[in-house]
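What the coordinates show
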Amino acid sequence: MSEQPLTLDSVLTDEAVLSTYRRMFAALARDSGAVVDDPALVDIAETLFAAFAEAGEEWLTHEQMRFACRAYPTDQFDNRLRVLKGLGAIREVFPKPNQLRYRASFTSVVGLMFIRRMMDDGGQSEMHRLLALEDLNVADPRTTMEEARQSALNMARAFRLWALELITLTTGTIEELREQAPKLWGTEEIARRAQGLHGTILTRWPELDRVCTDLRAAIYAYSDASRRAAGRLADSAGTTRNLTLLPTETWRTFAQTASKERLAAVLDGFVFDAPAPWHDPAAIARAVDEAPRPAPAQPTPPRSTLPDPGPESSLDSTPGAAIERLTQMAESLLGDASRVALGDVLGSADWVAARRVLADLTTVDLRPELPYRLTWCDGLSVDPGREPAWLSHGYLERS
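Residues numbered from 1 in each chain as written. Predicted model: local features only at pLDDT ≥ 70, side-chain atom pairs only at ≥ 80, totals over all residues. Heavy atoms only, no water.

**Examining the overall build of the protein**
Note the cut-off: Per the convention used, a helix needs a DSSP run of H or I reaching at least four residues, while a strand needs a run of E reaching at least two, with both numbered from the N terminus. Per-residue accessibility, obtained with a 1.4 Å probe over protein chains only, is compared with the maximum for each type, and a residue is labelled buried under 20%, exposed over 50%, and partly exposed between these values. Should any heavy atoms of two residues lie within 4.5 Å, those residues are considered in contact.
Across its full length, the protein holds 16 helices and 6 strands. The buried share of the protein, taken over its 399 residues, is 28%. Here the contacts in the protein between residues at least 6 apart in sequence split such that 68% fall between residues at least 24 apart.

**Considerations on the sheet that holds strand 4 (residues 339-341)**
Condition: A pair of strands is labelled paired if DSSP reports no fewer than 2 bridges between them. With axes taken as lines fitted to C-alpha atoms, and helix axes fitted only over the stretch in contact, angles between N-to-C directions fall between 0 and 180 degrees.
Ordered in space as 4-6-5, the 3 strands form an open sheet in which the pairing is antiparallel. For this open sheet the edge positions go to strand 4 and strand 5 (372-382), each flanked by a neighbour on one side alone. Neighbour to neighbour, the strand axes of the sheet diverge by 15 degrees on average, direction disregarded. Looking at chain direction, strand 5 and strand 6 (residues 390-398) are connected through 8 bridges and run antiparallel. Bridged to Trp-376 within strand 6 is Gly-394.

**Quick notes on the pairing of strand 3 (residues 101-104)**
As paired elements, strand 1 (residues 60-61) and strand 3 share 2 bridges and run antiparallel to each other. Note on strand 3: the bridge partner recorded for Thr-61 is Arg-101. Inspection of the sheet shows strand 2 (residues 90-92) paired to strand 3 by 3 bridges, in the antiparallel sense. Bridge pairing links Glu-92 to Tyr-102 in strand 3.

**Considerations on the side chain of Asp-360**
Just so we agree on the cut-off: Pairing of N or O atoms within 3.5 Å defines a polar contact, subject to two protein rules: one partner must be a possible hydrogen donor and the other a possible acceptor, and residues neighboring in sequence count only if both atoms are side-chain atoms.
Within the secondary structure, Asp-360 sits in helix 16 (residues 351-366). Among the residues examined, Asp-360 registers a relative accessible area of 14% and is labelled buried. In this structure the side chain of Asp-360 is engaged in a polar contact, spanning 3.3 Å, whose partner is the side chain of Arg-325. Discounting chain neighbours no more than four positions away, the residues touching Asp-360 are Arg-325, Leu-326 and Met-329.

**Re the packing of aromatic side chains**
What counts is decided by this rule: In summary, the pairing rule links any two rings of Phe, Tyr or Trp, Trp by its six-membered ring, whose centres are within 6.5 Å, and it sorts them by plane angle into stacked for under 30 degrees, edge-to-face for over 60 and tilted for everything else. Whether a charge sits over a ring comes down to the Lys NZ or Arg CZ being within 6 Å of the ring centre and within 35 degrees of the ring normal.
What the rule picks out here adds up to 2 aromatic pairs. Ring geometry for Trp-162 and Tyr-222: centres 4.8 Å apart, planes at 40 degrees, overall tilted. Of this pair, Trp-162 sits in helix 7 (residues 145-171) while Tyr-222 sits in helix 10 (residues 209-236); the two residues are 60 residues apart in sequence, bridging distant segments of the chain. Residues Trp-162 and Tyr-222 agree in their burial class; the two are buried. Cluster of aromatic residues (ring-pair linked, three or more members): Phe-159, Trp-162 and Tyr-222. One Lys or Arg, Arg-70, reaches over the ring of Phe-67 and ends 4.3 Å from the middle of that ring. A cation over an aromatic ring shows up here: Arg-339 above the ring of Tyr-395, its NZ or CZ 3.7 Å from the ring centre.

**Observations concerning a nonpolar patch on the surface**
To keep things clear, this is the line we draw: For patches, a residue must show more than 30% relative accessible area and have no salt bridge; joins then use 9 Å for like charges and 5 Å for nonpolar side chains, namely Val, Leu, Ile, Met, Phe, Trp and Tyr. Only the protein chains shown count as cover for residues, with accessible areas throughout obtained via the Shrake-Rupley method and a probe of 1.4 Å. Basic side-chain nitrogens of Lys or Arg form a salt bridge, by our definition, when they fall within 4 Å of a carboxyl oxygen of Asp or Glu.
Among the surface-exposed residues, Phe-106, Val-110 and Met-113 lie close enough to one another that they form a single nonpolar patch of about 320 Å² accessible area. Considering the arrangement of structural elements, one finds Phe-106 in helix 5 (residues 106-121).

**A few points about the pattern of salt bridges**
Throughout the structure, instances matching the rule amount to 9 salt bridges. The residue Arg-227 makes a salt bridge to Asp-224 at a minimum N-O spacing of 2.5 Å. Residue Arg-227 and its partner Asp-224 are located together in helix 10, separated by 3 residues, close to a single helical turn. Arg-227 sits in the exposed class, given a relative accessible area of 54%. With a relative accessible area of 40%, Asp-224 lands in the partly exposed category. Where Arg-339 meets Glu-397, a salt bridge forms, and the shortest distance between an N and an O atom there is 3.2 Å. With a gap of 58 residues between them, Arg-339 in strand 4 and Glu-397 in strand 6 connect regions that are remote in the sequence. One salt-bridge network, in which partners are shared between bridges, spans Glu-189, Arg-192 and Arg-193.

**A few points about the sheet that holds strand 2**
Read from one edge of the open sheet, 3 strands run 1-3-2, paired in antiparallel fashion. With partners counted over all chains shown, the strands left at the sheet margins are strand 1 and strand 2, one partner each.

**Points about helix 14 (residues 321-334)**
Note the cut-off: How far a helix is expected to stretch is found by multiplying one less than its residue total by 1.5 Å.
For helix 14, built from 14 residues, the straight-helix expectation of 20 Å at 1.5 Å per residue is met to within 8% by its first-to-last C-alpha distance of 20 Å. Residues of helix 14 that are buried: Ala-321, Leu-326, Met-329, Ala-330 and Leu-334. Contact partners of the buried residues in helix 14: strand 4, helix 16, strand 5 and strand 6. One or two positions beyond helix 14, positive phi appears at Gly-335, with a value near 65 degrees.

**A short note on the nonpolar core**
Worth spelling out the cut-off: Throughout this description, the term nonpolar core refers to a set of buried Ala, Val, Leu, Ile, Met, Phe, Trp, Tyr and Cys residues connected via side-chain atoms within 4.5 Å.
Core analysis: the biggest nonpolar cluster contains 31 residues, and Leu-131, Phe-159 and Ile-201 have the highest contact counts within it. Among the elements of the structure, helix 6 (124-139), helix 7, helix 8 (174-179), helix 9 (187-204) and helix 10 are those that each provide at least two residues to this core. Among residues more than four places away in sequence, those in contact with Phe-159 are Met-127, Leu-131, Ile-190, Ala-194, Ala-218, Ile-219 and Tyr-222. Listed in part, the 19 residues of the second largest apolar core include Val-42, Cys-69, Leu-84 and Leu-112.

Have a look at this one:
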């Protein structure tokens with residue numbers, strides 16, 4: 001990832017992003033350091049969720065997730081992936097050992113979408129949605145008076161806190177007021193919706209007049225604070241370079257009626273990046289197809305932790321010694337019989353000795369030059385008091 005030059009505007013933008021995240025999750029944070037301190041970590045999460053959406057039912061392996069986030073440093077990717085796994089935002093497709101494919105949580109994706117909307121307009125769109133839902137709830141015939149009371153209390157608390165924040169902005173610095181300007185958009189529509197909700201509750205449940213009085217006072221306090229903040233912002237709008245403080249209609253009219261000189265003067269002093277180079281889509285598709293895909297790492301077979309020194313130094317390593325030893329062992333187990341049950345052979349020995357005998361018998365069965373075979377049945381004997389605790393039913397036969 002190319003290093004971009006650090007400017008004051010970029011630092012302020014990153015700090016605004018982080019401050020929004022801190023306020024959003026302050027009620028859920030374990031301590032003050034529980035929220036990320038680098039906006040790139042949030043970008044990694046969004047990149048991963050986009051890759052999961054494109055993968056569909058194929059899901060993603062660890063290598064594919066790393067390839068999707070190849071623009072970010074490895075340590076940042078590993079840290080973010082570890083946190084997302086620990087919190088359940090990314091989890092295994094099926095809960096089984098040696099799982100290699102992962103899926104993303106729908107809840108985490110929706111949460112990021114909600115946060116992005118909060119950052120765009122300071123919570124205005126969410127307040128519109130909340131008022132619309134509350135209005136539908138209180139108009140529902142199934143809604144009880146207690147539910148309506150709780151709805152009125154929650155909305156009154158939200159409007160009082162919002163009014164207090166706007167009052168603080170009105171008496172604070174003009175720079176902070178300009179930064180929080182999106183919170184002043186559509187205030188009249190929000191107040192109108194809230195008054196409609198208040199009227200619905202009071203009409204259906206006249207007994208909630210005291211609660212509705214508190215809600216009405218909170219709405220009026222919010223309207224007064226928003227008008228005062230908007231008036232102060234309008235007085236200072238002529239001296240600011242923030243192009244987002246004026247409504248869209250004003251800019252559209254200006255663009256249609258202003259001369260070229262006035263249009264150019266608006267952007268006087270701004271520096272724009274050079275346009276990105278054009279890449280042929282066929283070349284990009286070919287590069288993706290030819291990109292190396294690392295093979296998944298093969299897990300190491302499990303090793304037994306039981307001690308098994310074995311007679312390694314006493315074994316004869318000549319070519320025919322192994323055949324002779326296996327033949328002697330099979331004959332000693334069979335004796336004069338043509339068939340012997342493995343339960344009788346392994347049941348009386350401890351597990352260390354039994355596993356060595358079973359390994360030798362398996363080798364005997366795999367040797368086509370030896371006249372001995374292992375046959376297995378479907379039965380299984382379980383005895384927790386013995387070692388081994390379970391035995392498969394099988395036989396050693398002379399063929």
